[in-house]
Structures are given as structure tokens and as C-alpha cells.
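Structural overview
In case you want the letters, here they are:
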Amino acid sequence: MSDEIPSGPESAPESAVDTPTHSGFVALIGATNAGKSTLVNRLVGAKVTIVSHKVQTTRAIVRGIAIHERAQIVFMDTPGIFKPRRRLDRAMVTTAWGGAKDADLVVLLVDSERGLRGDTEAILEGLKEVRQPKILVLNKIDRVRPEDLLKLASAANETVAFDRTFMLSAATGSGCEDFLDYLAKTLPEGPWYYPEDQISDLPMRQLAAEITREKLFLRLHQELPYASHVETEKWEERKDGSVRIEQVIYVERESQKKIALGKQGEAIKAISTAARKEISEILEQPVHLFLFVKVRENWGDDPARFREMGLEFPRG
Ligand SMILES: Nc1nc2c(ncn2[C@@H]2O[C@H](COP(=O)(O)OP(=O)(O)OP(=O)(O)O)[C@@H](O)[C@H]2O)c(=O)[nH]1
Ligand SMILES: [Mg+2]
């Protein structure tokens with residue numbers, strides 16, 4: 001008889017139930033407009049964070065939660081990193097780097113069409129100080145030639161030692177599955193952080209305010225979006241199954257209020273219609289949305305507004 005150890009259930013191929021779970025936090029950082037929020041929504045499979053073609057859309061960290069195979073991957077969508085001018089800018093940039101510090105993995109997202117120039121170059125420098133494993137993701141591959149992608153990948157890898165480079169399109173979904181596979185395998189073993197059906201850490205009141213801000217960004221092409229801020233003030237579930245939501249759009253000046261309202265209120269009407277439709281789809285219930293525009297001078301210097309947005313108030 002051989003002295004082979006009989007193979008008991010322990011050494012049997014692991015069934016799905018025995019396979020350990022993985023979980024962890026993945027921070028997505030990058031220049032503004034690189035497509036961080038688009039990618040988070042794509043990977044989560046639902047809209048949890050707002051997107052626009054304009055710069056500086058995301059203002060605070062939003063966590064979007066994806067489940068892939070046995071892993072729960074918590075994506076931290078961060079504000080774009082750029083050279084800050086206003087107090088709000090500084091808070092956003094500090095928040096983005098803070099997000100990187102809290103993560104298991106840090107992902108630098110680059111708009112392949114734009115390349116490394118400007119803000120991304122500065123972010124690469126900053127990344128040298130980051131201790132966690134770093135991944136490079138070249139986004140918007142639907143917009144560039146493959147040979148340019150390779151050049152971009154090697155240029156970025158010259159500055160920072162990335163563990164891996166992925167090339168994908170958050171808009172079309174191409175390449176996203178490979179990226180998820182990698183994250184699911186690479187994140188540490190451990191229990192999940194959130195219940196299985198949770199896809200975001202943002203309370204509905206706040207997501208609803210963000211959606212209105214997105215519609216404001218998309219509709220008004222003036223400087224206004226950067227001087228505006230939306231808060232949900234009232235949320236009333238009604239007996240008929242609908243919900244009544246009151247929100248205030250804060251602007252800094254009377255002239256901006258006029259822009260937000262538009263001629264005969266047409267701007268605010270369009271914003272309200274678009275926001276109501278989307279909030280109602282997410283909630284899966286009818287929504288009555290009431291928008292008010294208020295002038296609050298220097299809200300950009302008011303600590304309470306920063307708290308409401310989930311940002312630290314930078315002193316001085
Ligand atoms: N063609 C193309 N466009 C994309 C892709 N990913 C994102 N975009 C577009 O890029 C723009 C910016 O996207 P966001 O997701 O808001 O970018 P962001 O990095 O979150 O921007 P900030 O929050 O301002 O830092 C939007 O108009 C997106 O539709 C992509 O893979 N291909
Ligand atoms: Mg964003």
C-alpha cells in the first residue's frame with residue numbers, strides 16, 4: 001500500500017461556496033474629464049455618480065459597489081485632479097488624493113485622446129508617493145489608434161511603476177470585463193464590506209441632488225455650473241406611492257439666478273423635467289420635483305455647504 005494521504009473533502013476541488021470571497025477599495029484618480037465617473041457607472045452597472053462633458057463634474061468621493069465573481073469591489077470615484085484656484089477646487093483635489101490613501105489599489109485613469117499633458121503629468125509625479133499597488137487604465141480607446149495607445153502606455157510606465165496597464169472604453173464597455181477579472185483576483189481575501197444588494201454609499205437625497213446638478217451642467221453652457229450647488233431640502237413619501245422632492249439650486253449672484261431660470265423659466269423647467277424623469281427611474285416610483293433657485297453669496301466659502309457635499313473645508 002502506498003502511504004499516500006487519502007484525499008478528503010478538504011483537498012477536493014473547491015466548490016463555489018468554499019471559494020473565499022475577496023473585497024477591497026479601488027480609488028480611481030485622474031485628470032478632470034478622463035471618464036472616471038463613466039467607468040464607475042459602467043462597472044457597477046447602474047448610475048451611481050454623475051457624468052458630464054464639462055470639467056470638474058464630480059465634487060466629493062462617491063463609492064460605487066460592484067460584485068464580480070466572488071469579489072465585492074468598492075470603486076471610489078474621486079473629483080478630477082487639476083491645478084486648484086478656488087477654495088472648492090482645493091477641497092476637491094485634497095479629497096481626491098485622500099481617496100487614494102484609503103484604497104487597496106489605486107487606478108490612474110487617463111483620457112487616451114488627451115494623453116499625459118498637463119494635469120496628468122503632475123498626477124504621475126504625485127503617484128510616486130503613493131504606496132499602494134498602482135494600475136494604469138487608458139480610457140476612451142474608441143477615440144485613438146492602437147499604436148498611439150502603446151506609446152502612451154510606455155511613456156506613463158516610464159514615470160511610475162504600474163503593476164498592470166489596461167486599455168478600455170468606459171463608453172462602449174470594451175475591455176472592462178478583463179479589468180474586473182483582474183480586480184476580483186487581486187483584491188485581498190476577506191468578507192464583503194457592504195450588503196450584497198447595495199450599489200452606492202450615497203443617500204438617495206444626495207444622489208437626487210447630484211442628478212439635478214448634472215442636468216444643470218448639461219443644460220447651461222455658461223460659467224454657471226461651477227458657481228452652483230444643489231441641495232435636497234424636503235423628501236416626502238406620499239400615500240399614493242409617489243414622492244415629493246424639493247430642491248434648492250444655490251448660485252452666487254442675482255445674475256446667475258436669471259441664467260438658471262432662463263427666459264420665462266424655460267431653463268429651470270427643462271432641468272426639472274430631465275431630473276424628475278431620471279430620479280423617478282432610479283426610485284421606480286412617480287416623483288414630483290420642485291426646484292427653487294436661491295442666491296447665497298459666497299456659498300463657495302461657507303463651511304456648511306462643504307459639509308453637505310461631503311468635503312473637508314480647507315482653512316485659509
Ligand atoms: N468617447 C468616449 N467618451 C468617454 C469615455 N468615457 C467617458 N467619456 C466621456 O468623457 C466625458 C467626461 O466623463 P466623466 O465620467 O464625467 O469624467 P470624470 O473623469 O468623472 O470627470 P470629473 O468628474 O470632472 O473629474 C463625458 O462626456 C463622457 O461621456 C469613453 O470611453 N469614450
Ligand atoms: Mg467625475
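Residues numbered from 1 in each chain as written. Chains lettered and ligands numbered in written order. Predicted model: local features only at pLDDT ≥ 70, side-chain atom pairs only at ≥ 80, totals over all residues. Heavy atoms only, no water.

- Looking at an unreviewed UniProt entry, the protein carries the name GTPase Era, with the source organism given as Xaviernesmea rhizosphaerae.
- According to UniProt, the comment filed for the protein under the heading Sequence similarities (unreviewed entry) is "Belongs to the TRAFAC class TrmE-Era-EngA-EngB-Septin-like GTPase superfamily. Era GTPase family." (UniProt positions renumbered as here; feature names shortened; annotations may be inferred.)

Re the sheet that holds strand 6 (residues 164-167)
- What the 6 strands build is an open sheet, ordered 2-3-1-4-5-6; its pairing is mixed. Of all strands in the sheet, those bounded by a partner on one side alone are strand 2 (62-68) and strand 6. Averaged over all adjacent pairs, the angle separating strand axes in this sheet is 25°, with direction ignored.
- Pairing geometry for strand 1 (residues 22-30) and strand 4 (residues 105-111), over 5 bridges, is parallel. Residue pairing across strands places Ala 27 opposite Val 106, the latter belonging to strand 4.
- Along the sheet, helix 2 (residues 87-101) contacts strand 1, strand 3 (71-77) and strand 4; its crossing angle with strand 1, the most-contacted strand, is approximately 150°. (Pairing = 2+ DSSP bridges. Helix = DSSP H or I, 4+ residues; strand = E, 2+ residues; numbered from the N terminus. Axes fitted to C-alpha atoms, helices over the stretch in contact; angles between N-to-C directions. Contact = heavy atoms within 4.5 Å.)

Considering the domain arrangement of the protein
- By the assigned domains, the protein splits into domain 1 (14-186) and domain 2 (204-309).
- Each of domain 1 and domain 2 has a C-alpha centre, and these two points are 28 Å apart.
- On the domain 2 side, the residues contacting the 16 residues of domain 1 number 22 residues.
- Per-residue buried area on domain 1 facing domain 2 is highest for Ile 50, Lys 54 and Arg 59; these three make up 40% of the total on that side.
- For the salt bridge of Arg 87 with Asp 301, the shortest nitrogen-to-oxygen distance reads 3.0 Å.
- Where domain 1 meets domain 2, there are 7 residue pairs in polar contact (both at pLDDT 80 or more).
- A breakdown of the residues in the side of domain 1 that touches domain 2 according to their chemical character gives 7 nonpolar, 4 polar and 5 charged. (Domains from an automatic or database assignment. Buried area = accessible area lost by both parts, 1.4 Å probe. Salt bridge = Lys/Arg side-chain N within 4 Å of Asp/Glu carboxyl O. Polar contact = N/O pair within 3.5 Å; in protein donor to acceptor, adjacent residues only side chain to side chain. Nonpolar A, V, L, I, M, F, W, Y, C, P; charged D, E, K, R; others polar.)

Concerning the site of ligand 1
- In the vicinity of ligand 1 there are 22 residues, among which Thr 32, Lys 36, Thr 38, Thr 57 and Asp 142 approach most closely.
- In the model, an oxygen atom of ligand 1 is placed 3.0 Å from a nitrogen or oxygen of the Asn 33 main chain.
- A distance of 3.1 Å separates an oxygen atom of ligand 1 from a polar atom in the backbone of Ala 34.
- Against a free-state accessible area of 660 Å², the protein chains account for coverage of 89% of ligand 1.
- Its residues assigned to classes, the shell around ligand 1 comprises 5 nonpolar, 13 polar and 4 charged. (Near = heavy atom within 4 Å. Areas by Shrake-Rupley, 256 points an atom, 1.4 Å probe, with all protein chains shown as cover.)

Remarks on the coordination of the magnesium ion (ligand 2)
- Within the protein, the atoms that donate to the magnesium ion (ligand 2) are Ser 37 (OG) and Thr 58 (OG1), at distances of 1.9 to 2.1 Å. Taken together, the positions of Ser 37 in helix 1 (residues 36-44) and Thr 58 in the loop between helix 1 and strand 2 put the pair 21 residues apart, joining distant regions of the chain.
- Taking relative accessible area as the criterion, Ser 37 reaches 7% and is therefore assigned buried.
- For Thr 58, a relative accessible area of 7% puts it in the buried group. (Donors = N, O, S within 2.8 Å, 3.2 Å for Na, K, Ca; no water. Buried < 20%, exposed > 50% of the residue type's maximum accessible area, 1.4 Å probe, protein only.)

Brief notes about the side chain of Asp 111
- Checked against the element boundaries, Asp 111 lands in strand 4.
- At 2.9 Å, the side chain of Asp 111 and the backbone nitrogen of Glu 113 are in polar contact.

Re the pairing of strand 6
- With 4 bridges connecting them, strand 5 (residues 134-139) and strand 6 associate as parallel partners. Bridged to Leu 138 within strand 6 is Met 167.
- With respect to chirality, the unit in which strand 5 leads through helix 4 (residues 146-159) into the neighbouring parallel strand 6 is right-handed. (Right-handed = clockwise from strand over helix to strand, strands pointing away.)

Concerning the layout of surface pockets
- The computed volume of the largest pocket comes to approximately 420 Å³.
- Lining of the largest pocket is provided by 29 residues; of these, Asn 33, Ala 34, Gly 35, Thr 38 and Val 51 occupy positions nearest its centre.
- Tallied by class, the residues present in the lining of the largest pocket amount to 7 nonpolar, 15 polar and 7 charged.
- One number sums up the size of the second largest pocket: a volume of about 230 Å³.
- Looking at the second largest pocket, it is lined by 16 residues, and the ones nearest its centre are Gln 206, Glu 210, Val 230, Glu 308 and Met 309. (1 Å grid on protein atoms, 1.4 Å probe; cavity = no way out; pocket = protein on both sides within 12 Å on 5 of 7 lines; lining within 4 Å. Points joined across faces, edges and corners; volume = space filled by probe spheres on them.)

Overview of the side chain of Gln 285
- By secondary structure assignment, the location of Gln 285 is in the loop between helix 8 (266-283) and strand 9 (287-295).
- Apart from the residues within four sequence positions on either side, Gln 285 is in contact with Glu 237, Gly 241, Ser 242, Val 243 and Ser 280.

Quick look at unusual backbone geometry
- One non-glycine residue, Glu 69, adopts positive backbone phi at about 50°.
- Within the secondary structure layout, Glu 69 lies in the loop between strand 2 and strand 3.
- Of the residues examined, Glu 69 reaches a relative accessible area of 54% and is grouped as exposed.
- The backbone phi angle of Lys 140 is positive, close to 65°, even though this residue is not glycine.

A closer look at the pattern of salt bridges
- Within this structure, the stated rule accounts for 20 salt bridges.
- Two residues, Arg 86 and Asp 89, come together in a salt bridge whose shortest N-O distance is 2.5 Å.
- Among the residues examined, Arg 86 registers a relative accessible area of 32% and is labelled partly exposed.
- Given the relative accessible area of 0%, Asp 89 is considered buried.
- A cluster of three or more residues bridged by salt bridges with shared partners is formed by Lys 47, Glu 214, Lys 215 and Glu 278.

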